[in-house]
Amino acid sequence: MTRSFTRVPLVIARTEFRRTLRVVAGDRTKILVLAAVAVFALGPMTAFGTWGLSVAGERVAAGSVDVAGVTIPDILAGVSALVWVGIALMATLRTTTAVADLDEPACLLLSTSLRNVVVGLIGAEVIRFASWVLVPIAVLSGAFAYGAGTILPVVFALVLFALVVPSAVAVGFVVGVWIRHLITVYEPVARYRTPLIALVGIAYFGAIATGRFETVTVVLFEILGDSPLGWSGHVLLLGIPNVSPSTLTVVGALVGTTAVTALAIAVGIASARIHWYADPARTDDDREDATEETSSDRLGRLLSYGFEQPVRTVAVTAIRRTKRAPVRLLYVAYPLFGAFYLVQNIVQTGTVSSLVAVVCCLYVIWGSGALFALNPLGDLGRALPAVLTSTVSGRQATTGLVAASALVAVPVGLVVSLAAGVASPLSLRDAGLLLGGTVVGAVAAPALATGVGTTFPRFGSVKVTNNREAVMPSKTAFIVYTAAIAAPVAAAAVLYADASEPMAAIATAVLSLVPWIDLTVPVTLFARLSWIVLPVGLLAPIVSALYAVERFDRYRLE
């Protein structure tokens, strides 16, 4: 029994980690993103941290035991407590979204005991965290050790990792299992889980954008550093010269984290038993069908004014398909990660600038095409042969997708453009132009997206989370569509602001940085290019939609 308990969890942990490695290694885009993050984000932070910790090690070795009036023990206690909380939160999120959602649960739960499964999954999470943080820990602690002249900081930094990560992951597993239980099994919560998750996400990113996250971090640093969560930081003091650790605190950290880890695993096993063997929340199927039919009928009646039956069917089906699987629209939210700076600007200045107003409306225009029309053929999935052999023509299919997109995006565009125009310092004329351009763009962008999506379709699904897959537009379609909107917008901005001369000066200055290039960009170059790009961009939606119609009618399955 002991052998089974020690070996099987290791097999599960190793298998889950290997699956993660295969997923990452099989996605070139993910590898490139991780490499970019490592070079451009973590690289400078690691370089600065290495230099700073090396200097700190020298100062500590010389007898300085405080930084800006804060003692070394207080700093280590506060940092270790924050790290524990951060890892626990990340483990909670991962458990809620992936770890507690077992892949092939019948096979796994029948092949071994529940205890082995839980311990194996927690072990896999510990290995995943280790793969991310062990190298930075070794580098940063090594820099401090180099400055202090002793290898002990590296040794005790690894000991600290062994104390903090397993206990935080185990606690995060328990919390994550119960959160997932609430949103998937407990019917009153499960029924409204999508808006609840959206509210939590908005609150989280809003806290970061408004600067509240930093404020909370500082408060937690001061409060948690004096709590038992900060005791583990005193373990590092064993390897720092000229600082005397509290033996009682170190013993408390060792005993406490071991006890918390064991208790969390025990609670996790009991929690997993309740969750994994429970039936998922059920709603009234008849009521759902009636509600869906009512919604479909309402949409059909709304589109009946001016659209024939096949067009209405395509539009209603596109909206219904996305409503059933909203994860398909995850890529539409990607640009929102760049909204932090806009929100920070609004919070700091107390006003909505003209640039922010225009950017918000441009996002609505871009999103209108990305909603339903950026993968017309691939979105049909297994129904593609049936649709291609049906009486639905390319014109009807394209018109239906454009109508579905406009039905959602035009009202949103009206609200956003009106709010942006009122809140920003735009003149009445400019606000009217912004409103009209947003409404027209919300119709033109889907037409543009249909041609781009049929040119670069994606038929296979992509992995959104560990256990969720969805058919999404291809990366090529995503990039081409975005460029096709950005180019005419940039051209219109150059002509509207008469910015050809300063842009030519900037281009000349950039080219002068290359030693073997001696070129002066003509002042009229950008104006001429804008006059070419703008009409082409304005005609592109019509040409793109016509191409989508022809492509749909002539498409043949291989």
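Structure's up top.
Analysis parameters
Residues numbered from 1 in each chain as written. Predicted model: local features only at pLDDT ≥ 70, side-chain atom pairs only at ≥ 80, totals over all residues. Heavy atoms only, no water. 1 Å grid on protein atoms, 1.4 Å probe; cavity = no way out; pocket = protein on both sides within 12 Å on 5 of 7 lines; lining within 4 Å. Points joined across faces, edges and corners; volume = space filled by probe spheres on them. Helix = DSSP H or I, 4+ residues; strand = E, 2+ residues; numbered from the N terminus. Contact = heavy atoms within 4.5 Å. Core = buried A, V, L, I, M, F, W, Y, C linked by side-chain atoms within 4.5 Å. Buried < 20%, exposed > 50% of the residue type's maximum accessible area, 1.4 Å probe, protein only. Salt bridge = Lys/Arg side-chain N within 4 Å of Asp/Glu carboxyl O.

Notes on the layout of surface pockets
One number sums up the size of the second largest pocket: a volume of about 1100 Å³. In terms of lining residues, the second largest pocket is bounded by 30 residues, among which Val358, Leu362, Gly437, Val489 and Ala492 are the most central. Elements with a minimum of two residues in the lining of the second largest pocket: α14 (354–372), α17 (428–455), α18 (475–497) and α20 (525–554). A per-element tally of the lining of the second largest pocket places α17 first, with 10 residues.

Some thoughts on empty space enclosed by the protein
Within this structure, the stated rule accounts for 1 cavity of 30 Å³ or more. Lining the largest cavity we find 14 residues, and of these Arg328, Leu329, Tyr331, Leu371 and Asp379 sit closest to its centre. Those elements giving two or more residues to the lining of the largest cavity turn out to be α12 (309–324) and α14.

Observations concerning the environment of Ala406
With respect to the helices and strands, the residue Ala406 is situated in helix α16 (residues 394–423). Placed 33 residues apart in sequence, Ala406 and Val439 show a C-alpha to C-alpha distance of 8.8 Å. Look past the residues within four positions of Ala406 in its chain and what remains in contact with it is Pro411, Ala442 and Val443.

Observations concerning the nonpolar core
Judged by nonpolar contacts, the single largest core of 50 residues is most densely connected at Val118, Val169, Ile240 and Trp276. Elements with a minimum of two residues in this core: α3 (72–99), α4 (105–111), α5 (114–148), α6 (152–184) and α10 (247–276). A total of 13 residues in this core trace back to one element, the largest contributor, which is α6. One finds Leu374, Ala404, Leu448 and Ala477 within the second-largest nonpolar core, a separate group that totals 23 residues.

Let's talk about the pattern of salt bridges
According to the stated counting rule, one finds 10 salt bridges in the structure shown. The shortest N-O distance in the salt bridge between Glu16 and Arg19 comes to 3.5 Å. Separated by 3 residues within a single helix, Glu16 and Arg19 lie in helix α1 (residues 2–25), roughly one turn from each other. Among the ionic pairs, Arg395 bridges to Glu308, the shortest N-O distance being 2.8 Å. Of the two residues, Arg395 sits in helix α16 while Glu308 sits in the loop between α11 (285–303) and α12, which places them 87 residues apart along the sequence. For Glu308, a relative accessible area of 33% corresponds to the partly exposed category. Linked through salt bridges whose partners overlap, the residues forming this network are Glu16, Arg19, Arg94, Asp103, Glu125 and Arg128.

In short, geometric facts, not functional conclusions.
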